[in-house]
Amino acid sequence: MEVIIAKDYDTLSKQAAMLLASQVISQPGSVLGLATGSTPVGAYKNLVAFYNEGIVDFSRAIVFNLDEYYGVAPENPCSYRWFMEDNLFKHINIRQENTHIPNGLARDTAAECREYEEKIRRAGGIDLQLLGIGGNGHIGFNEPGDSFKSATHLVELDSGTIAANSRFFASRDEVPRQAISMGIKSIMAARRIILLASGAGKAKAVYEMVQGPVTPEHPASVLQLHPQVIIILDQEAASLLPPRA
Ligand code: PGA
């Protein structure tokens, strides 16, 4: 695990965007795994800027998002499809058919999950997966206690996640209770992983991920077992880590 401590959120965002952009520059047909949430917003802004400057071309890139709320339509502004269109897709030249997000309206969720995995497999697997981390240590929507062996599946959101994500909804009652999420197994199959964390609210989760035991009770700790992980933190998110050489 390579841990980078950036001086602030802007620097973290630029560093993440540079790593994502270099992946696509060096391999234009790259398969990226992308994440939603507040943390990657700055990285996406920088990617859009790189695209506008002609530095990176997304015309051959393929993306798979980690998750989508169950029961939420793509045209709902609270959906992750909407989030990705709004923050990234509509600002760059990625082809619509190369953007993949689980279908939150799937009636047969087991079939949707199987097909999602199959699409990732047919695309050649994920070259670079971007992750955030929940205050409870979740990655994607793999909540504490979820099996490390799970592929894409329907998950029950943890009460902490519902509380944290209620800021995006009119009220806590409107936050969906379920989501379709890539599993830990799907995430760990990515060839390279970048995880971003910003702010003091993530410090404990970051400490557990880097220093704690590898346990499903702290899903992000599984990343200790992945050979190619870069963790980019701001000072606050890194504040509980022991000083590094
Ligand atoms: P955040 O979410 O970026 O909005 O903090 C991260 C997560 O829950 O994985």
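Going by the structure above, here's the rest.
Structure report, in brief.

Cut-offs used in this document
- Residue positions within a chain follow its written sequence, with the count starting from 1.
- With pLDDT at 70 or above as the cut-off, local features in this predicted model cover only qualifying residues; side-chain atom pairs require 80 or more to be listed or tallied, and sums for whole chains, interfaces and linings still use all residues.
- Excluded from the side-chain calculations are hydrogens and water; all other atoms, namely the structure's heavy atoms, are used.
- Here the term buried applies to any residue with accessible area under 20% of the maximum for its type, exposed to any over 50%, and partly exposed to those in between, with areas from a 1.4 Å probe on protein chains only.
- A run of H or I in DSSP becomes a helix once it reaches four residues, and a run of E becomes a strand once it reaches two; helices and strands are each numbered from the N terminus.
- DSSP calls a pair of strands paired once it identifies at least 2 bridges connecting them.
- Nearness is judged by heavy atoms alone; a residue qualifies as near a molecule or strand once a single heavy atom is within 4 Å of it.
- In protein, a polar contact requires one atom able to donate a hydrogen and another able to accept it; more generally it is a pair of N or O atoms within 3.5 Å, and residues adjacent in sequence count only if both atoms are side-chain atoms.
- To measure how exposed things are, a 1.4 Å probe is used in the Shrake-Rupley method; for residues, cover is taken only from the protein chains shown.
- Think of a 1 Å grid over just the protein atoms. A cavity is a set of points where a 1.4 Å probe fits yet cannot get out, a pocket is an open set with protein on both sides within 12 Å along at least five of seven lines, and lining residues have an atom within 4 Å of a point.
- To qualify as sitting in a cavity or pocket, a molecule needs more than half of its atoms within 2 Å of the grid points.
- Polar here means any residue outside two lists: the nonpolar Ala, Val, Leu, Ile, Met, Phe, Trp, Tyr, Cys and Pro, and the charged Asp, Glu, Lys and Arg; Gly therefore counts as polar.

Turning to the pairing of strand β7 (residues 153-156), a few remarks are in order. Here β7 shows a clear split, with His 153 and Val 155 buried on one side and none of Leu 154 and Glu 156 buried on the other. As paired strands, β7 and strand β8 (residues 178-181) are joined by four bridges and run antiparallel to one another. Paired with Val 155 across the strands is Ala 179, a residue of β8.

Here we come to the site of the ligand. Near the ligand, the surroundings consist of Gly 37, Ser 38, Thr 39, Gly 132, Ile 133, Gly 134, His 138, Arg 167 and Lys 202. A distance of 2.4 Å separates an oxygen atom of the ligand from a polar side-chain atom of Thr 39. Note that an oxygen atom of the ligand is positioned 2.7 Å from one of the side-chain N or O atoms of His 138. Protein contacts shield 83% of the accessible area of the ligand, which totals 290 Å² for the unbound molecule. If you map the ligand onto the pockets, it falls in the largest pocket. Its residues assigned to classes, the shell around the ligand comprises one nonpolar, six polar and two charged.

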